[in-house]
Amino acid sequence: MTEHRPETPPLSLIVLSWNNLDFTRACVDSLRRNTDVHHELIVVDNGSTDGSREFGRDVSDKAVTHTENLGFAAGMNSGLRVASGSYVAFINNDTTFPPAWASQVLETFESHEDVGIVAPAVTAAGNPVTVRETPGQDRIVLTPFGELPSGVVYVMPTGLIKGLGGWNEDYKTASAEDLDLAFTVWAHGYSIVVDERVLIQHESQASVRKLPDRKALYRENLEQFLDRWESIPLGSTPLVGSIDPETFKANQERARTAVIWIRRMLEAREQARDLAARLESGSKPKKRRYWLISRS
């Protein structure tokens, strides 16, 4: 007897690829073997030239292909537009997934109220908040606007991310759009949970290391993130969910305060580095701008 499958899957898996075929192949293989809930696989190819586009078409339930690299946010949004699952997982292609990961993540949504993002733990990331060496037992609710999760894998209710307008495509190529989305989720009163029970293997920066002058890109995107949240008009965006306008404005003010402190912290760190370099070399070093790796 053929097993009945519901037409609407609980989970849509969106894997974004830009070359690195071997990584995408390993990611897809682990997802197909270890995703223990009914799902649809959406591979979005951002203009690959190494066979990744053809591979994505062959293995996907739904394939999205682009002729050029549209960047992380636009690529993920193109997958989101065709997603039909109740939840959606945004996945970097340089990841592999453990058995039963999906049922554990979806259970976290059921056991915690008002969860906007579940971020599984990862083995490597530029941002250490979600990095773990071994799986744990805890599910940690992050401090809003304080503990910033790395966006290697974000799982969200599909209705929520669509209601928020998807990923912010103003950020070029890759970086800082994950921080922007986290702040947007917090501003609307939702929580972000790190599920330590699920540990994702991650090859950090597998794709972005191929970008030309990626450090300058990180600096520019981080500045854009800080400027946006420091100057955003309170209550200026449409409300999503049940949050009341006054709480929304208060959360945006908390976000503004947080980015002011982030900016000050990063500037102080760079000043300390400049001083150390000056003392070591005996000459004034070149002026540098701070930067932060967020997602990769």
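Residues numbered from 1 in each chain as written. Predicted model: local features only at pLDDT ≥ 70, side-chain atom pairs only at ≥ 80, totals over all residues. Heavy atoms only, no water.

Asks: Explanation requested: the packing of helix H1 (residues 21-34) against helix H2 (residues 52-59) in the structure shown.
Replies: Pairs of packed helices are described in terms of their axes, by the angle between the two and the distance that separates them. Relative orientation of the contacting elements H1 and H2 amounts to 15°, with a least axis distance of 10 Å. In terms of orientation, H1 lies roughly parallel with respect to H2. You can see that H1 and H2 cross each other, and the crossing is right-handed. Mapping the contact onto sequence places Leu21, Thr24, Arg25, Val28 and Arg32 in H1 and Ser52, Phe55 and Val59 in H2. Residue composition of the contact of H1 with H2, by class: four nonpolar, two polar and two charged. (Axes fitted to C-alpha atoms, helices over the stretch in contact; angles between N-to-C directions. Helix = DSSP H or I, 4+ residues; strand = E, 2+ residues; numbered from the N terminus. Parallel < 35°, antiparallel > 145°, perpendicular 65-115°, else oblique. Left-handed = near helix turned anticlockwise from the far one by under 90°. Contact = heavy atoms within 4.5 Å. Nonpolar A, V, L, I, M, F, W, Y, C, P; charged D, E, K, R; others polar.)

Asks: What's the story with unusual backbone geometry in this structure? I'm lost.
Replies: Excluding glycine, residues mostly have negative phi values, and the peptide bonds linking residues are mostly trans. In this structure, Asn20 is a non-glycine residue whose phi angle is positive, near 55°. With respect to the helices and strands, Asn20 occurs in the loop between strand S1 (11-17) and H1. At Asp114, a position not held by glycine, the phi torsion is positive, near 55°.

Asks: Quick question: what am I supposed to make of the confidence of the model for the protein chain here?
Replies: Residues shown with low pLDDT carry predicted positions that ought not to be read at fine detail. Averaged over the protein chain, the pLDDT score is 89; the fraction of residues at 70 or greater is 89%. A low-confidence stretch, residues 288-295 (pLDDT under 50), is modelled with 43 contacts involving residues beyond four sequence positions or located in other chains. (pLDDT = per-residue confidence, 0-100.)

Asks: How should I be thinking about the side chain of Glu40 in this particular structure?
Replies: Within the secondary structure, Glu40 sits in strand S2 (residues 39-46). Polar contacts involving the side chain of Glu40 include one to the side chain of Lys62, which spans 3.1 Å. (Polar contact = N/O pair within 3.5 Å; in protein donor to acceptor, adjacent residues only side chain to side chain.)

Asks: Would you mind going over the pattern of salt bridges with me for this structure?
Replies: It is possible for side chains bearing opposite charge to pair when their charged atoms get close. Taken as a whole and assessed by the stated rule, the structure comprises 13 salt bridges. Two residues, Glu223 and Arg263, come together in a salt bridge whose shortest N-O distance is 3.3 Å. Taken together, the residues Glu223 in helix H7 (residues 214-231) and Arg263 in helix H8 (residues 245-281) connect sequence positions 40 residues apart. An identical accessibility class is assigned to Glu223 and Arg263; each is buried. A salt bridge links Glu253 to Arg256; the shortest N-O distance between them is 3.6 Å. Pair noted here: Glu253 and Arg256 are both in helix H8, with a separation of three residues, about one helical turn. (Salt bridge = Lys/Arg side-chain N within 4 Å of Asp/Glu carboxyl O. Buried < 20%, exposed > 50% of the residue type's maximum accessible area, 1.4 Å probe, protein only.)

Asks: Looking at this structure, how should I read the environment of Arg33?
Replies: Within the secondary structure, Arg33 sits in helix H1. Sequence separation between Arg33 and Ala100 is 67 residues, and the spatial gap between their C-alpha atoms is 9.4 Å.

Asks: Hey, could you run me through helix H3 (residues 72-80) in this one?
Replies: Each α-helix turn comprises 3.6 residues. Residues three or four places apart therefore point the same way. Buried residues dominate H3, accounting for nine of its nine residues. Of the positions making up H3, those classed as buried are Phe72, Ala73, Ala74, Gly75, Met76, Asn77, Ser78, Gly79 and Leu80.

Asks: Sorry if this is basic, but what is going on with the packing of aromatic side chains here?
Replies: Each aromatic ring pair is characterised by the separation of its centres together with the angle its planes make. According to the stated counting rule, one finds ten aromatic pairs in the structure shown. For the ring pair Phe90 and Trp167, a centre distance of 5.3 Å and an interplane angle of 85° mean the geometry is edge-to-face. Highlighted residues: Phe90 in strand S4 (residues 87-92) and Trp167 in the loop between helix H5 (158-163) and helix H6 (177-187), separated in sequence by 77 residues. Take Phe90 and Trp167: they sit in the same class, and that class is buried. Ring geometry for Tyr154 and Trp167: centres 5.9 Å apart, planes at 15°, overall stacked. Remark: Trp167 occurs in the loop between H5 and H6 and Tyr154 occurs in strand S8 (residues 153-157); sequence separation between them is 13 residues. In this structure an aromatic cluster arises from ring pairing among Phe145, Phe183, Trp186, Phe225 and Trp229. The ring of Trp261 has Arg264 sitting right over it, with the charged end atom 5.1 Å from the ring centre. (Phe/Tyr/Trp six-rings, centres within 6.5 Å; stacked < 30°, edge-to-face > 60°. Lys NZ or Arg CZ within 6 Å of the ring centre and 35° of its normal.)

Asks: Sorry, what's going on with the side chain of Glu177 here?
Replies: Note on placement: Glu177 falls in helix H6. In terms of polar contacts, Glu177 uses its side chain to reach the backbone amide nitrogen of Ser175, at 2.9 Å.

Asks: What's the story with the layout of surface pockets in this structure? I'm lost.
Replies: Empty space among the atoms becomes visible once a probe the size of a water molecule is rolled across them. Each pocket or cavity is described by its volume, and for the largest pocket that value is around 240 Å³. Contributions of two or more residues to the lining of the largest pocket are made by H6, H7 and H8. Looking at the lining of the largest pocket, the element that brings in the most residues is H6, giving five residues. Classifying every residue of the lining of the largest pocket gives nine nonpolar, seven polar and three charged. (1 Å grid on protein atoms, 1.4 Å probe; cavity = no way out; pocket = protein on both sides within 12 Å on 5 of 7 lines; lining within 4 Å. Points joined across faces, edges and corners; volume = space filled by probe spheres on them.)

Asks: I'm lost on the environment of Gln104 in this one. Help?
Replies: Checked against the element boundaries, Gln104 lands in helix H4 (residues 101-111). On the basis of relative accessibility, which here comes to 21%, the residue Gln104 falls in the partly exposed class. Between the alpha carbons of Gln104 and Arg197 there is a distance of 7.7 Å; along the sequence they are 93 residues apart. Apart from the residues within four sequence positions on either side, Gln104 is in contact with Pro99, Asp195, Arg197 and Val198.

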